[in-house]
Amino acid sequence: MNSQQSYNGQRFVTGLYLAIVAVAGVAGAIIGSLGIEGTDPELFFVIQLPPTMLGMALFGAITVGTMLGVVLVVLIAVSNRYVE
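Enquirer: Lay out the overall build of the protein in plain terms, naming residues and giving numbers.
Expert: The helix and strand tally for the protein stands at two helices and two strands. A total of 84 residues make up the protein; the buried ones form 19% of that total. Surface summary for the protein: the accessible area is close to 6400 Å², and the carbon and sulfur share equals 71%.

Pasting the structure below:
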(Lines give C-alpha, C1' and ligand atoms only; values in the text may rest on other atoms or scores of the structure.)
Protein backbone atom coordinates (compact mmCIF):
# COMPACT_ATOMS: atom_id res chain seq x y z
CA MET A 1 0.00 0.00 0.00
CA ASN A 2 1.48 3.33 -0.92
CA SER A 3 1.43 6.38 1.32
CA GLN A 4 -1.16 8.19 -0.83
CA GLN A 5 -3.74 5.43 -0.23
CA SER A 6 -2.97 5.47 3.48
CA TYR A 7 -3.37 9.24 3.62
CA ASN A 8 -6.72 9.04 1.80
CA GLY A 9 -7.88 6.38 4.26
CA GLN A 10 -6.93 8.55 7.24
CA ARG A 11 -8.76 11.52 5.74
CA PHE A 12 -11.84 9.38 5.16
CA VAL A 13 -11.89 8.04 8.72
CA THR A 14 -11.33 11.53 10.15
CA GLY A 15 -14.11 12.97 8.00
CA LEU A 16 -16.46 10.16 8.99
CA TYR A 17 -15.61 10.72 12.67
CA LEU A 18 -16.36 14.45 12.39
CA ALA A 19 -19.61 13.78 10.52
CA ILE A 20 -20.83 11.35 13.19
CA VAL A 21 -19.96 13.81 15.98
CA ALA A 22 -21.80 16.58 14.10
CA VAL A 23 -24.89 14.37 13.69
CA ALA A 24 -24.82 13.62 17.43
CA GLY A 25 -24.64 17.35 18.17
CA VAL A 26 -27.57 18.11 15.86
CA ALA A 27 -29.60 15.27 17.37
CA GLY A 28 -28.87 16.63 20.84
CA ALA A 29 -29.98 20.10 19.76
CA ILE A 30 -33.22 18.70 18.37
CA ILE A 31 -33.90 16.77 21.56
CA GLY A 32 -33.07 19.85 23.62
CA SER A 33 -35.42 22.01 21.58
CA LEU A 34 -38.32 19.66 22.37
CA GLY A 35 -38.04 20.51 26.06
CA ILE A 36 -38.66 16.97 27.30
CA GLU A 37 -39.01 16.72 31.08
CA GLY A 38 -36.35 14.76 32.95
CA THR A 39 -33.53 15.30 30.49
CA ASP A 40 -30.79 16.59 32.76
CA PRO A 41 -27.53 15.67 31.03
CA GLU A 42 -24.42 15.13 33.13
CA LEU A 43 -21.20 15.17 31.16
CA PHE A 44 -18.98 12.27 32.34
CA PHE A 45 -21.30 11.94 35.36
CA VAL A 46 -19.68 15.07 36.84
CA ILE A 47 -20.55 18.26 34.95
CA GLN A 48 -24.21 19.23 35.05
CA LEU A 49 -25.41 20.71 31.74
CA PRO A 50 -28.66 22.61 31.23
CA PRO A 51 -31.41 20.74 29.33
CA THR A 52 -31.44 23.40 26.60
CA MET A 53 -30.59 23.10 22.92
CA LEU A 54 -26.97 24.07 23.53
CA GLY A 55 -26.55 21.86 26.60
CA MET A 56 -27.97 18.79 24.89
CA ALA A 57 -25.96 19.46 21.70
CA LEU A 58 -22.75 19.71 23.74
CA PHE A 59 -23.65 16.57 25.65
CA GLY A 60 -24.33 14.57 22.48
CA ALA A 61 -21.28 15.77 20.57
CA ILE A 62 -18.81 15.46 23.45
CA THR A 63 -20.09 12.06 24.60
CA VAL A 64 -20.10 10.49 21.14
CA GLY A 65 -16.83 12.21 20.23
CA THR A 66 -15.12 10.89 23.33
CA MET A 67 -16.38 7.33 22.92
CA LEU A 68 -15.50 7.16 19.23
CA GLY A 69 -12.22 8.99 19.84
CA VAL A 70 -11.09 6.39 22.34
CA VAL A 71 -11.95 3.59 19.92
CA LEU A 72 -10.15 5.43 17.12
CA VAL A 73 -7.01 5.95 19.20
CA VAL A 74 -6.94 2.25 20.14
CA LEU A 75 -7.45 1.30 16.51
CA ILE A 76 -4.56 3.53 15.42
CA ALA A 77 -2.29 2.17 18.15
CA VAL A 78 -3.02 -1.43 17.24
CA SER A 79 -2.68 -0.83 13.51
CA ASN A 80 0.68 0.93 13.99
CA ARG A 81 1.93 -1.94 16.11
CA TYR A 82 1.04 -4.61 13.56
CA VAL A 83 2.14 -2.93 10.35
CA GLU A 84 2.77 -5.37 7.51
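The discussion continues.
Enquirer: Requested: an account of the environment of Thr63, with residues and values cited.
Expert: If you trace the backbone, Thr63 turns up in helix 2 (residues 53–81). Expressed as a C-alpha distance, the spacing of Thr63 and Val21, which sit 42 residues apart in the sequence, is 8.8 Å. In this structure Thr63 touches Leu43 and Leu58, once residues within four positions along its chain are discounted. Side-chain polar atoms of Thr63 contact the backbone oxygen of Phe59, separated by 2.7 Å.

Enquirer: For a nonpolar patch on the surface, give the residues involved together with the corresponding values.
Expert: On the surface, Phe44, Phe45, Val46, Ile47, Leu54, Leu58 and Ile62 cluster together into a nonpolar patch covering about 760 Å² of accessible area. In terms of residues, the nonpolar patch owes the most to one element, helix 2, which gives three residues. Following the sequence through the fold, Phe44 ends up in the loop between strand 1 (42–43) and strand 2 (47–48).

Enquirer: Residues and numbers for the environment of Ile36, please.
Expert: Relative to the helices and strands, Ile36 resides in the loop between helix 1 (3–34) and strand 1. Its relative accessible area of 44% is what places Ile36 among the partly exposed residues. Considering only alpha carbons, one finds Ile36 and Thr52, 16 residues apart in sequence, at a separation of 9.7 Å.

Enquirer: Lay out unusual backbone geometry in plain terms, naming residues and giving numbers.
Expert: One can expect most non-glycine residues to show negative phi and most peptide bonds to be in trans. Residues other than glycine seldom take positive phi values, yet Phe44 does so here, at roughly 55°. Taking the relative accessible area as the measure of exposure, Phe44 reaches 48% and is therefore partly exposed.

How each quantity is defined
Residues numbered from 1 in each chain as written. Predicted model: local features only at pLDDT ≥ 70, side-chain atom pairs only at ≥ 80, totals over all residues. Heavy atoms only, no water. Helix = DSSP H or I, 4+ residues; strand = E, 2+ residues; numbered from the N terminus. Buried < 20%, exposed > 50% of the residue type's maximum accessible area, 1.4 Å probe, protein only. Areas by Shrake-Rupley, 256 points an atom, 1.4 Å probe, with all protein chains shown as cover. Contact = heavy atoms within 4.5 Å. Polar contact = N/O pair within 3.5 Å; in protein donor to acceptor, adjacent residues only side chain to side chain. Patch = residues over 30% accessible without salt bridge, like charges linked within 9 Å, V, L, I, M, F, W, Y side chains within 5 Å. Salt bridge = Lys/Arg side-chain N within 4 Å of Asp/Glu carboxyl O.

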